[in-house]
Amino acid sequence: MSDEARPYGGGTSDPALKRVRTRHFQRAKEQGIKITGLTSYDFLSASIFDEAGIDFLLVGDSAGNTVFGYDTTIPVTVDELIPLTAAVVRGVSRALVVADMPFGSYENGPDEALHTAIRFMKETRSHAVKLEGGTRSAKQIKRVVRAGIPVMAHIGFTPQSEHGLGGHIIQGRGDDAQRLLEDAHAVEDAGAFAVVLEMVPSAIAAQVTEELSIPTISVGAGPHCDGQLLVWSDWAGMSRGRIPRFVKQYAQIGDTLLEAAKTFRDDVDSGVYPAAEHEYSE
Ligand code: KIV
């Protein structure tokens, strides 16, 4: 499809679209154009992904793992995510930035959810928030949306409930498919502008995508969703250790950095660096 024919997604060279907004998500679904998203936690990666034409950046609570080194996303706090989100917002001119509401910042009810969402919007200038949970979070979504804040919902495997779900387990299999469909409809009815489906069989994700009028965003939910989202450190080969099956690695940044750091160490040891061209004359 030519860039001219795309309502957005033609990259930064697309003169028609200066800023991706939630209504462009809806238009993309209606026109069958796939939405792209990556996580980002800092200014430099955000500006690169924005320049590449990625449609939205999620400042995920996966920062708990990737930035802060916790073993799950559970300990990460609003105060830790706010400076990261503000940095990502400063790095973009086109992409829509979604601030992830961490565990413990909305579960107490709609008032707490609205309070947290307002903090993110005012202190980071993000364009939307995301929170986990289907039916159980519908009241929170409704309150935040009523206040004029766009909400991206997140159902299927929800990492903040890892212990309640019994580990990293595919959601929506067998009889559980009905619960997933109910969650999907609950978040749409509550006013979410899009819904992330994480670790869901492709066939059930296809059914959800068919039944909902809002876009579905896959994180390991197959090719039939309206968009695809990946955690950038997995996607770029920066994460060490086990990578989920659904991730395609588009680079091996971790190995590149490792080799560069080893070469730097050797060059300093042997006096190769700094060379004459790196010195200032009097
Ligand atoms: O925090 C995150 O990165 C996420 C995505 C995996 C959806 O919530």
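Above this note sits the structure.
Cut-offs applied
Residues numbered from 1 in each chain as written. Predicted model: local features only at pLDDT ≥ 70, side-chain atom pairs only at ≥ 80, totals over all residues. Heavy atoms only, no water. Helix = DSSP H or I, 4+ residues; strand = E, 2+ residues; numbered from the N terminus. Contact = heavy atoms within 4.5 Å. Core = buried A, V, L, I, M, F, W, Y, C linked by side-chain atoms within 4.5 Å. Buried < 20%, exposed > 50% of the residue type's maximum accessible area, 1.4 Å probe, protein only. Salt bridge = Lys/Arg side-chain N within 4 Å of Asp/Glu carboxyl O. Pairing = 2+ DSSP bridges. Near = heavy atom within 4 Å. Polar contact = N/O pair within 3.5 Å; in protein donor to acceptor, adjacent residues only side chain to side chain. Areas by Shrake-Rupley, 256 points an atom, 1.4 Å probe, with all protein chains shown as cover. Axes fitted to C-alpha atoms, helices over the stretch in contact; angles between N-to-C directions. Parallel < 35°, antiparallel > 145°, perpendicular 65-115°, else oblique. Left-handed = near helix turned anticlockwise from the far one by under 90°. Nonpolar A, V, L, I, M, F, W, Y, C, P; charged D, E, K, R; others polar.

K.L.:
Quick question: what am I supposed to make of the environment of Ala128 here?
P.N.:
Inspection of the secondary structure puts Ala128 in strand S4 (residues 128-132). Apart from residues lying up to four places away in sequence, Ala128 is in contact with Leu96, Val97, Val98, Ala99, Met121, Pro150 and Phe193.

K.L.:
Sorry if this is basic, but what is going on with the nonpolar core here?
P.N.:
A general trend in soluble globular proteins is that nonpolar side chains are found buried together. If you look at the biggest cluster of nonpolar residues, it comprises 56 residues, and the most contacted ones within it are Leu57, Val129, Ile141, Val195 and Leu197. Leaving out residues up to four positions away in the same chain, Ile141 has contacts with Leu131, Gly133, Val151, Ala153, Val187, Ala190, Gly191 and Ala192. In terms of nonpolar packing, the next biggest core, distinct from the first, is built from 18 residues, Ala28, Leu96, Val196 and Ile217 among them.

K.L.:
Just to check I follow, could you spell out the pattern of salt bridges for this structure?
P.N.:
Per the stated rule, a full pass over the model turns up 11 salt bridges. Among the salt bridges present, the one from Arg94 reaches Asp55, with a minimum N-O distance of 3.3 Å. Taken together, the residues Arg94 in the loop between helix H4 (78-91) and strand S3 (96-100) and Asp55 in the loop between helix H2 (43-51) and strand S2 (56-59) connect sequence positions 39 residues apart. Here Arg94 and Asp55 have matching classes, each one buried. Measuring nitrogen to oxygen at the nearest pair gives 2.4 Å for the salt bridge that ties Asp111 to Arg143. Note that Asp111 is positioned in helix H5 (residues 110-124) and Arg143 in helix H6 (residues 138-146), a separation of 32 residues in sequence. Among the residues examined, Arg143 registers a relative accessible area of 35% and is labelled partly exposed. Salt bridges sharing common partners tie together Asp79, Arg119 and Glu123.

K.L.:
Just to check I follow, could you spell out the pairing of strand S7 (residues 216-219) for this structure?
P.N.:
Along any regular strand, the residues point their side chains to alternate faces of the sheet. Neither face of S7 is left uncovered, since the one carrying Thr216 and Ser218 and the one carrying Ile217 and Val219 both have all their residues buried. Pairing of strand S6 (residues 194-198) with S7 involves four bridges; the strand directions are parallel. Bridge pairing links Val195 to Thr216 in S7. Here two bridges tie S7 to strand S8 (residues 227-230), and the two strands are oriented parallel to one another. Within the sheet, the bridge partner assigned to Ser218 lies in S8 and is Gln228.

K.L.:
Would you mind going over the site of the ligand with me for this structure?
P.N.:
The environment of the ligand is formed by Thr39, Leu58, Gly60, Asp61, Ser62, Asp100, Lys130, His154, Glu198, Val219, Leu229 and Val231. Within the side chain of Ser62, one N or O atom sits 2.5 Å away from an oxygen atom of the ligand. Here an oxygen atom of the ligand sits 3.1 Å away from a polar atom, N or O, in the side chain of Lys130. Look at the ligand: alone it shows 260 Å² of surface, and the protein chains cover 95% of it.

K.L.:
Could you clarify how one ought to interpret unusual backbone geometry in this entry?
P.N.:
For residues other than glycine, phi is negative in most cases, and the peptide bonds are mostly trans. The linkage connecting Tyr273 with the following residue, Pro274, adopts the cis geometry, with an omega of -5 degrees. Considering the arrangement of structural elements, one finds Pro274 in the segment after helix H11 (253-270). For Arg125, which is not a glycine, the phi torsion comes out positive at approximately 65 degrees. Checked against the element boundaries, Arg125 lands in the loop between H5 and S4. Among the residues examined, Arg125 registers a relative accessible area of 62% and is labelled exposed.

K.L.:
For this particular structure, what's the right way to read the side chain of Thr216?
P.N.:
Looking at where Thr216 falls in the secondary structure, it is placed in strand S7. In this structure the side chain of Thr216 is engaged in a polar contact, spanning 2.7 Å, whose partner is the side chain of Thr209. Contacts of Thr216, omitting those with residues within four sequence positions, involve Val195, Leu197, Val208, Thr209, Cys225, Asp226 and Gly227.

K.L.:
Got a minute to help me understand the sheet that holds S7 in this structure?
P.N.:
Adjacent strands of a sheet pair through backbone hydrogen bonds, lying either parallel or antiparallel. The eight strands lie next to each other as S1-S2-S3-S4-S5-S6-S7-S8, forming a closed barrel whose pairing is parallel. If you compare each strand with its neighbour and ignore which way they point, the axes differ by 25 degrees on average. Set on the sheet, H6 makes contact with S4 and strand S5 (151-156); between it and S5 the angle comes to about 165 degrees. Sitting on the sheet, helix H8 (residues 176-190) is in contact with S5 and S6, with an inclination near 175 degrees to S5.

K.L.:
Where do I start with the packing of H5 against H6 in this structure?
P.N.:
Pairs of packed helices are described in terms of their axes, by the angle between the two and the distance that separates them. Between H5 and H6, whose axes approach to 8 Å, the crossing angle comes to 45 degrees. With respect to their mutual orientation, H5 and H6 come out oblique. Relative to H6, H5 is oriented so that their crossing is right-handed. Contact residues: Pro110, Asp111, Ala113, Leu114 and Ala117 in H5; Lys139, Gln140, Arg143 and Val144 in H6. For the contact of H5 with H6, the class distribution of residues is five nonpolar, one polar and three charged.

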